[in-house]
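Each chain, written out:
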Amino acid sequence: MDISGGNTSRQPQKKSNQNIQVYVRVRPLNSRERCIRSAEVVDVVGPREVVTRHTLDSKLTKKFTFDRSFGPESKQCDVYSVVVSPLIEEVLNGYNCTVFAYGQTGNNLRPPKSLYIEVRCMEDYGKFELDDGEVIHLKKNSQHYLPRAQVESLVRQGILHHIA
């Protein structure tokens, strides 16, 4: 019987400097950035290191070290399995764990209403390519937030319905 009050589980003891871990995921260029041929100025150079440049040709770089870095080819499930999944067992063993995710996701960011409109598709239309190269699948009852100038003709034809 252990009366020392220590951790009797078979989990390895964590060092006190391992309480906070920092991970980074470098996102791939989005369709707009690819369309205008933006340069990738952030490189994942190892499993823990990221190097940034001010411009593509810049020799001046900054190196950052993280507990783990994920490149633009990584998927959300990769990040989850490495970062979050191990914490589930910790929580079930009674430890407190917090995951704080920060970054631009595009969720709930709306351009001015004068440029974009929210529409509902009234019939199956198929694929619709926007000027920036992004392909939208217009299926009956699907809702989208799209550039007004590019979809006004579909609204006039009754394929899309402007949601006020």
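Preceding this section is the structure that the text describes.
Residues numbered from 1 in each chain as written. Predicted model: local features only at pLDDT ≥ 70, side-chain atom pairs only at ≥ 80, totals over all residues. Heavy atoms only, no water.

A. Representation of the overall build of the chain in the model. Within the chain one finds 3 helices and 10 strands. Helices and strands appear in the chain in the N-to-C order β-α-β-β-β-β-α-β-β-β-β-α-β. Put simply, of all contacts in the chain between residues at least 6 apart along the chain, 43% involve residues at least 24 apart. (Helix = DSSP H or I, 4+ residues; strand = E, 2+ residues; numbered from the N terminus. Contact = heavy atoms within 4.5 Å.)

B. Seen up close, the pattern of salt bridges. Within the structure shown, the criterion is met by 2 salt bridges. Ionic pairing is found between R53 and D43, a salt bridge with its closest N-O pair at 2.4 Å. Of this pair, R53 sits in strand β3 (residues 49-53) while D43 is found in strand β2 (residues 42-44), placing the two residues 10 residues apart along the sequence. What makes D43 partly exposed here is its relative accessible area of 28%. (Salt bridge = Lys/Arg side-chain N within 4 Å of Asp/Glu carboxyl O. Buried < 20%, exposed > 50% of the residue type's maximum accessible area, 1.4 Å probe, protein only.)

C. A look at the environment of E118. Structurally, E118 can be placed in strand β6 (residues 116-121). Owing to a relative accessible area of 28%, E118 belongs among the partly exposed residues under this scheme. Each C-alpha atom of the pair E118 and R148 lies 8.7 Å from the other, and the pair is 30 residues apart in sequence. Each residue touching E118, except ones within four places of it in the same chain, is listed here: Q143, H144, Y145, H161, H162 and I163. In this structure the side chain of E118 is engaged in a polar contact, spanning 3.2 Å, whose partner is the side chain of Q143. (Polar contact = N/O pair within 3.5 Å; in protein donor to acceptor, adjacent residues only side chain to side chain.)

D. Structural view of the sheet that holds β6. Taking strand neighbours across the sheet as the criterion, the 3 strands line up as β9-β6-β10 in an open arrangement whose pairing is antiparallel. Pairing within the sheet leaves two strands with one partner each, and these edge strands are β9 (143-147) and β10 (160-162). The mean angle between the axes of side-by-side strands here comes to 45°, regardless of whether they run parallel or antiparallel. Relative to β9, β6 runs antiparallel, the two sharing 5 bridges. Looking at the pairing, V119 lines up with H144 of β9. This element, helix α3 (residues 148-156), spans β6, β9 and β10 of the sheet and lies at about 125° to β9. (Pairing = 2+ DSSP bridges. Axes fitted to C-alpha atoms, helices over the stretch in contact; angles between N-to-C directions.)

E. Quick peek at unusual backbone geometry. Its identity as a non-glycine residue notwithstanding, R37 has a phi of 60°, on the positive side. By relative accessible area, which is 73% here, R37 ends up exposed. Unusually for a residue other than glycine, N141 sits at a positive phi of about 75°. Inspection of the secondary structure puts N141 in the loop between β8 (135-138) and β9. Among the residues examined, N141 registers a relative accessible area of 54% and is labelled exposed.

F. How the structure looks around the sheet that holds β3. With respect to topology, 3 strands assemble into an open sheet ordered β2-β3-β4, the strand pairing being antiparallel. The outermost strands of the open sheet, each flanked by one partner alone, are β2 and β4 (61-65). Neighbouring strand axes in the sheet, compared pairwise and without regard to direction, differ in orientation by 20° on average. Relative to β4, β3 runs antiparallel, the two being bridged by 5 bridges. The residue of β4 that forms the bridge with V50 is F64.

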